[in-house]
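Summary of structural features
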Amino acid sequence: MIRRRLFQLWCLCAVAGCSHQIESPQPASVALSPDLVCNAKPTGGATVTLTGAGFTPMPSNTLAAPTRLLLPTIKLYHASAIGDLATPTGEIIVSDDASQPSASRVQWHSESEMSFQILASDGIAPGVFDLEVTNPDGKHAAMLSQGLAIVPPPQLTRLAPAAICVDQADQMVIAEGANLLAFDGALPVLRLQANTTDKTYTALSVSDCVNIVGNLVEKNARLCKQATFLIPKADIAVTSATAFSATLTNPAPADCASSTPVTLTIEPPPRVTQVSPATVCTGGAALTIQGANFLPGAQVTLQCGNVPLTATASTVAADGTSLSVQFGPGAPPETECSVIVRNTDSCIDSTPHRTVSVVSGPILFAADPAVAYANINTRVTFYATAIRQPVAINAVHITPHGAATPMTELVWNAVPNFPNRLQVIVPSGLAPGAYDIHFQDSTGCPSRLDNAFDVTATATVTLKKLVPAFGYTGSDTDVTILRDTEAPLPGNHPFVQTPRVFLNPTNSASTDVAVELMSVAYLDNDRLTGTVPNGTPVNDYDVIVVNPDKTVGRLVGGFKVHEAPPPVIHVAVPASIVANAGQSVVLTGTNFEPNNVVALQCVDAAGSPVAAPAVTQGATSCQASTCTKTININGSTLAAGNVCVASLTNPNGAFGEYSAIGVTNSSRNLNSPKAGPNLVMGRRGLSAAAGQATAASRFVYAIGGDSGTVAGAYDTVEFASVDLFGTISPFAISPHKLRAPRTLGGTATIGRYVYYVGGNSGGNASTAVERALILSPKETPIIADLDFALVSMGLAPGEYRYRVSAVFAANDSDNPDGESLASDAFTVRVPAFTGRGINVSLTWRAPVDSLGAPLPNVVGYRVYRSPVGGLPGTETLIGSTTGARSFIDDGSATASMQKPVPLGSTGAWAQLPNLGSQREGLAIAWAEDPTTAGTFYLYAIGGRQNTSTALRTYEYLTITTNANGQQTVGAAWIAGGTNQLAVARWLHGAWVADNTVATIYPAGSKFVFAGGGQTAAGGSQTTVEAAQVLAGGALGPWNDSGVRDFGASSSGYGVAAANGSLYTFGGQNGGPSVGSKAAVLSTPPALASGAWNDEGLAMTHGRFLLGSAVQSAFIFLIGGQTDEPSLASKTTELVIW
Amino acid sequence: MRNSMLIWIATLMAQTVTAHAQPTSSANASASASEPPAGSPPAPEATAPAPAPATAPAPVGEQAQAAPSQEALAAASRDDNSRASIIISAKAGGLASFGGLAPFGIWGLDAGFILPVQQRRLAIMVAFDYTQPTQTGTEMDPRVASGSYTWHLTEQQVHIMPALYYRATQFGRVVPYGGIGPRIELLRSKVKGTSTPTITQTSESSTTVGVGLPVGAEFQIGPGCALAELLLTYGNLDHTATGLSNTGGAALSLGYRFVF
């Protein structure tokens, strides 16, 4: 038994022999210092000290030797990442091998303190860690959560700027990189080292940071990518550019430094020893500056008083000892300028600066025209601030923009009375492109205008013809320029607002210079008007149209200037023919040369050309300046509704045209009306008028009227342009209104004056009479000169277009308180002057009449200007003067919305003597004195004085035309006295018949016809009466004998006297109707039997209280109450007679 | 710690004594019915001649037991081959370690039986002894702030060695003996640092098995025998604290043994 028990005990012990355990104390209360370390700290790495209790090592191998001390194990566990830095995985055991104690990272100080090292060679990835200390038994441990942050060393990749000069000011340097550590109270440090200099600068701020999240002593710890440092003024002194090695060091305890230095160059300030030459020109200069420490890109400024002028180009010698600089224009003359050299590091040369003196020289600032055609010699005017004579013959050159060659010398001439401008001839044959003008006057100062003008050869505009195609050397010739709208691509480019037009002698010599047309006006994409100037040499000319967009049209031989004046056809009698053979027409005009030839050019109602009829030439006879020629037209080849323009061509090729001769059927019925463009506003009771601004600029007007009742009377006026064949452009509101709303008044157009008489002002019949002048593009100011002044603030550089209009006094009889058309646009190119602005000084000539005399009562001018780079037509009001013909644009004016008065506008309406009686729904007629040319009479006939009284009386106003075309009116209307209509009426019409209307009327015999209308109460009144215009203006007795009355009630109708007949349109039975009635003039004043028969036409709309006007062969029927139905219609139509 | 060690030793001894006391009575019972089991070979004493009491000195134990009277001694002499005796001894001495530990005292208690065979020359005993040799050293270590440290190792050892003894009883009052047996070694290494800064003790314990070879002699003195014993031991000692070593050594002890 005992043996058994012993055996059992032995077995127990044998088994128990496997048991083995170690018991160490329990560590506790672990704390770290520091808790923020760098993982790449050189020289011993980063040492982290642990404090707490129970850090118990264990001596081992005491009997086996060598004895080794087992230290507590330190482990790191990754807890969180820092930004996007790579994160470690798994645990990290701090290296400690008791058998190799010298290689251990751990050091034991006591049971309450240990430390360990983090070496760069360990390659521990950055992050925030938990730390665990385990005693040698492997069982007893203590943990510190997120208590250690390991950060990478800072990286410095770039310093901006890379070079600085601290000699004169503090400098800010921005360091860019990564892992720049910052926490509350600690920022990275920049260290600069070179030679014996070793400087450190603590960052002012950091940016682009990510936070380090952990239980750290350091608050607000973060890693950043950018830090800003201040290098104090004069903190580093250098005598030459010195490269400093720059490194970044993070703040302790993670105070690692960047490993790759970046160079920061500290530069000394520039030093100037000499400047040559000692003078500069206002127009520009080149200087050579000697000295030292000039850096590439150094800027040079001339400080002339308060005016700085920065060099436009600067070249620094490789050794930094010299600078070659160029200055543009702008240095104030007669000033002393400091030469200031500023390196790119912002340091300037020390004071006192070297100085240079400024001498005056020309500054070129504009060239006109800005586009020249490559195949002609073009006269170009360029403008300068000052030109000192004498100017050398080779003073002007041009070069392609930006190029030094080829350099073309230009022939120049002075411009009398304009000392600051020269004219040069841009020769034909230049390569297309932009050109710079180079100029040097006697000051020796060169001046250059970049992009002064463009030469173009892009002939994509196809010209059809000029009308007329000839002119007279002794006078201005108004022409219309037509484009060939059917030209194939690419030749179908339209006109662009506003072209320049030149006449270049056909087969020109190399010295011939193109003549530029004046007053070119853009009507639309296909039509221009302009004036060939008086004095243009007799020659055949090619017509050159140069668009602002540099496209060109050329019409070879398109215009001819004659020595003799061209024929002018004033009137054709009859103004319409029957579409039969043997139609005789007498043309009256001036300058009909013997053996002239008359031809017709015809179109159908749709505007399509038709074959010209044969014309048999009759005799030409002239008395004094008035000539007549009879032609016989074979109208059988024409159709009713055709319209023909007659042209009389003298043997020298000059011809005059007359618009137009209508073609009717054998009954002389009018042709079918065709619709025109709508009015802007529907109008009833309006008055219509037709007039011409120039011979080539024709317009139709819709004046006043109402919205359907007199209470809705309008004061507005609309107008539209009309070409030779009656094509009407869209209507537009005129900027000048009637003096008061008016409807049911009467209108007459005499010359360029439109008279408006009587009517209803919105409630009562009116005695008021007013008139407006159709403004002529020839009676405008002309911009004559301009100048530039350099100022501190002014216009920005760029291209501007100026126009100037005249303002007239309130007592002006033609345009009281009104405004003329504006001048042609004058393009100014404002050059750039660094740091300076430009004041543009414009001067202009006063507007003159057709005789060249200044227009009276001009009290001021308005100046319009486009925005910089604005196209023609974008000009708006920027200022005005009170009589002075100059204006300085300093750029401070706020552009308003007001635009210049458009072509076709009338001037302001002028008040004339009142009627003797209130008259609404009156009839208006005018006639020239039968014996005194130039004296006209305006008749106001009948009308309604009030709702119960219609008038039988008439009164007239004498109008005298002066030599310049201006009209003056009599002091008062002259009452017709007892010579009264047989029947009082209103809403009636009036006609004037003379031998221009009907050949049956003897020359000088003129009769006024008054048609039927309504009684004051609205009853029908069909009586038609006539009275002869007597010398002095009085009418002969109203005669109802033989003057056939209306066959049906008509009132509020339109009227026309033409083609030997009197016509009414609409208004039948006091309402809208589409028909027309006609009465054939017979022996004055009788009307032929069958009078007031139906014309058989139908207007596009039945009309009542419409407006009607006649111009050449066109009858315009406008608005009124219509059968659309509309109380006040916008519709219009046109009848060719 | 020391108290706990003593308690642990006492506990082991008590358990051993208890375990021994029970088989003793049982052994008596067995001895009283010491007939070999059926089929077993005849007991050796049945054939072996009995030693001559007149010429052979009485074993110490026997003497101690027979001391009260001549008759008892004679009877004991007569019964040498037929009676088992209990022996209990206590001893103390010194230990010379073979494993690098410093010499240290050793204390022990033996208990066992003299087997009633071979003229009582065989005995089975269980020896309990305790010693705690130490060692001290100073090491250079750069990881320690002071550059060195002094360690102190206390190797507490409790041995339990059941062994078979041969007792040369034929020499009368002097009984040389020798034995051999396994040693169950209960080891505890306590290591600490004694220099400044101090290192708190870390303990490391394990149990292992070794071997013991006691050689000694009994001298009958008084009621028992004085004894002198040289104990040669060997066992593995493979602690972290100690490294790979052994518990081997030579322990020379003097004691007194009772034979009942």
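So, here's what we can say about the structure. This structure is a prediction, so every number in the text was calculated from the model and none was measured. (Residues numbered from 1 in each chain as written. Chains lettered and ligands numbered in written order. Predicted model: local features only at pLDDT ≥ 70, side-chain atom pairs only at ≥ 80, totals over all residues. Heavy atoms only, no water.)

Digging into the overall build of chain B
Per the secondary structure count, chain B includes three helices and eleven strands. Along chain B, helices (α) and strands (β) appear in the sequence α-α-α-β-β-β-β-β-β-β-β-β-β-β when read from the amino end. The 260 residues of chain B split such that 48% are buried. Counting only contacts in chain B whose residues sit at least 6 apart along the sequence, the fraction spanning at least 24 positions is 64%. As presented, chain B carries roughly 11,200 Å² of accessible surface, and 66% of it is formed by carbon and sulfur atoms. (Helix = DSSP H or I, 4+ residues; strand = E, 2+ residues; numbered from the N terminus. Buried < 20%, exposed > 50% of the residue type's maximum accessible area, 1.4 Å probe, protein only. Contact = heavy atoms within 4.5 Å. Areas by Shrake-Rupley, 256 points an atom, 1.4 Å probe, with all protein chains shown as cover.)

A closer look at a nonpolar patch on the surface
Taken together, the side chains of Phe-98, Ile-180, Val-211, Leu-213, Val-215, Leu-230, Leu-232, Tyr-234 and Leu-252 of chain B make up a nonpolar region of the molecular surface, amounting to roughly 790 Å² of accessible area. With respect to the helices, strands and loops of the structure, Val-215 of chain B is situated in strand E7 (residues 199-221). (Patch = residues over 30% accessible without salt bridge, like charges linked within 9 Å, V, L, I, M, F, W, Y side chains within 5 Å. Salt bridge = Lys/Arg side-chain N within 4 Å of Asp/Glu carboxyl O.)

Considering the nonpolar core
One broad trend across soluble globular proteins is that nonpolar side chains are buried collectively. Residue and element names in this part refer to chain A. In terms of nonpolar packing, the biggest core is built from 39 residues, with Leu-50, Phe-116, Ile-118, Leu-131 and Leu-148 touching the most fellow members. Among the elements that line this core, the one with the most residues is strand E12 (residues 141-151), at four residues. If we ignore the near neighbours within four places in the chain, the residues touching Phe-116 are Ala-46, Thr-47, Val-48, Leu-50, Ile-74, Val-94, Arg-105, Val-106, Leu-131 and Leu-148. With 26 residues, the next largest nonpolar core counts Val-173, Ala-182, Cys-224 and Ile-266 among its residues. (Core = buried A, V, L, I, M, F, W, Y, C linked by side-chain atoms within 4.5 Å.)

A few points about the interface of chain A and chain B
Opposite the 42 residues of chain A that make contact, chain B presents 45 residues. Interface of chain A and chain B: buried area, both sides summed, is about 3,500 Å²; carbon and sulfur atoms make up 66% of it. Across the salt bridge formed by Arg-143 of chain B and Asp-96 of chain A, the nearest N and O atoms sit 2.8 Å from each other. Between chain A and chain B we count 17 residue pairs in polar contact (both at pLDDT 80 or more) in total. Per-element tally for the side of chain A that touches chain B: the top contributor is helix H1 (residues 2-16) of chain A, with seven residues. Partitioned by chemical class, the residues of the side of chain A that touches chain B number 22 nonpolar, 15 polar and five charged. Bridge count for strand E1 (residues 20-23) of chain A against E7 of chain B is four bridges, and the pairing is antiparallel. Within E7 of chain B, the position partnered with Gln-21 of chain A by the bridge is Ser-205 of chain B. (Buried area = accessible area lost by both parts, 1.4 Å probe. Polar contact = N/O pair within 3.5 Å; in protein donor to acceptor, adjacent residues only side chain to side chain. Nonpolar A, V, L, I, M, F, W, Y, C, P; charged D, E, K, R; others polar. Pairing = 2+ DSSP bridges.)

Description of the sheet that holds strand E36 (residues 418-426) of chain A
All names here are of chain A. Pairing within the open sheet is antiparallel, and its four strands lie in the order E30-E32-E36-E35. What marks the edges here is a single partner per strand, and that holds for strand E30 (364-368) and strand E35 (411-415). Recorded for the sheet is a direction-independent mean angle of 30° between the axes of neighbouring strands. For E30 and strand E32 (residues 378-384), the ladder comprises four bridges, and the chain directions are antiparallel. Bridge pairing links Ala-366 to Tyr-383 in E32. (Axes fitted to C-alpha atoms, helices over the stretch in contact; angles between N-to-C directions.)

Description of the state of the cysteines
Residue and element names in this part refer to chain A. One pass over the full model with this rule turns up six disulfides over all chains. Sulfur-sulfur distance for the disulfide between Cys-304 and Cys-337 comes to 1.9 Å. Taking the sign of the S-S torsion, about 110° here, the bridge from Cys-304 to Cys-337 comes out right-handed. Here Cys-304 is found in strand E25 (residues 299-304), whereas its partner Cys-337 is found in strand E28 (residues 336-342), with 33 residues between them in sequence. Like Cys-304, the residue Cys-337 is buried in the burial classification. Cys-622 shares a disulfide with Cys-627; S-S distance 2.0 Å. One quick way to see it: the torsion about the S-S bond of Cys-622 and Cys-627 is about 110°, and its sign makes the bridge right-handed. (Disulfide = S-S within 2.5 Å.)

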